[in-house]
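Next come the chains, spelled out residue by residue.
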Amino acid sequence: MFVPRQDMENDRHIFLGARKAHWERTRMYNALTIKENDRILIVAPHPDDETIGCGGILAAYGPQCSVLLLTDGRLGKKTQGQSEAETAAVRKKEFETVMAFFGIDRFRVLDIQDGQLSSCRKEVPFLDLSAYDFIFVPNRNERHPDHKAAYVIFRTMSRRQRVEARLIEYEVWSPIISANCFFDISGLIDKKTGALKLYASQICEIDYEAMARGLNSYRGAPQHVNYCEAYFSGEKDRINRRQ
């Protein structure tokens, strides 16, 4: 049956209009919303993990954040002839500089030996997690053993305390398979990458700034923004549920 060109054009405009409306409805689906009085804990296995995974959160809500650095980072990139102890000292100084850059006063360094977090879980002190509304941890699919251990430690601690906080998983080396929570950092990407540049000892071999820009740009495209951070959260991960 012959369909007049005008009708075809009308159908095309209806289709495009419906698709645009769908895009607008799904824009920043499950956007992460943080209130001005919310308290945030970000758990970092190594110096720089907190910025790679949550630099946008730190840039936007620095004064509301507490950061817990678990290991000493001694196994990170080092200059020729530098000892592991010297590397740890350099990375700790860089971490402190980044905390000041974000305006964060509440941070703690546990200095657990890098690479040994899984076998040194007892060195992670008891923390009253009821003080927080959000707890950010590396995602469960991270391949680095310290990242995986950090997730297990804080998920277990949270469940035992039955706190009301939301457990939010972030990505560093291993992208989240089913990200369902997003934070638009289009206006914060320069501050995030500026903080990564302060980890000078580590970006000399791996361009973490470019890595973060690429990942956050990729995450932003389906959300129709320039850059965003992707997380995993959801009702099934409310950590106050009884099991």
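Report follows, based on the coordinates. All values derive from a computational prediction rather than experimental measurement. (Residues numbered from 1 in each chain as written. Predicted model: local features only at pLDDT ≥ 70, side-chain atom pairs only at ≥ 80, totals over all residues. Heavy atoms only, no water.)

1. Brief notes about the pairing of strand β3 (residues 106-112)
At step 1: As paired strands, strand β2 (residues 65-71) and β3 are joined by five bridges and run parallel to one another. The residue bridging V67 from the neighbouring strand is F107, located in β3.
At step 2: Handedness of the crossover is the feature at issue here: the chain leaves β2, passes through helix α3 (residues 84-102), returns alongside β3, and the resulting connection is right-handed. (Pairing = 2+ DSSP bridges. Helix = DSSP H or I, 4+ residues; strand = E, 2+ residues; numbered from the N terminus. Right-handed = clockwise from strand over helix to strand, strands pointing away.)

2. Here we look at the sheet that holds strand β5 (residues 166-170)
At step 1: Spatial strand order, β3-β2-β1-β4-β5: five strands in an open sheet with parallel pairing. Among the strands making up the open sheet, the edge pair consists of β3 and β5. Pairs of neighbouring strands in the sheet enclose a mean axial angle of 20 degrees, with direction left out of account.
At step 2: Note: strand β1 (residues 40-44) against β2, five bridges, orientation parallel. Note on β2: the bridge partner recorded for I40 is C65.
At step 3: Across the face of the sheet, helix α4 (residues 145-161) comes into contact with β1, β2, β4 (134-138) and β5 while running at roughly 150 degrees to β4. (Axes fitted to C-alpha atoms, helices over the stretch in contact; angles between N-to-C directions. Contact = heavy atoms within 4.5 Å.)

3. Things to note about the environment of T71
At step 1: Among the secondary structure elements, T71 is positioned in strand β2.
At step 2: Overall, the relative accessible area of 0% leaves T71 in the buried class.
At step 3: Along the sequence, T71 and L117 sit 46 residues apart, while their C-alpha atoms lie 7.3 Å from each other.
At step 4: For T71, the contacting residues outside a window of four places in its chain are P45, H46, P47, D111, I112, Q113, D114, L117 and D146.
At step 5: Within the structure, T71 has its side chain in polar contact with the backbone nitrogen of G73 (distance 3.5 Å). (Buried < 20%, exposed > 50% of the residue type's maximum accessible area, 1.4 Å probe, protein only. Polar contact = N/O pair within 3.5 Å; in protein donor to acceptor, adjacent residues only side chain to side chain.)

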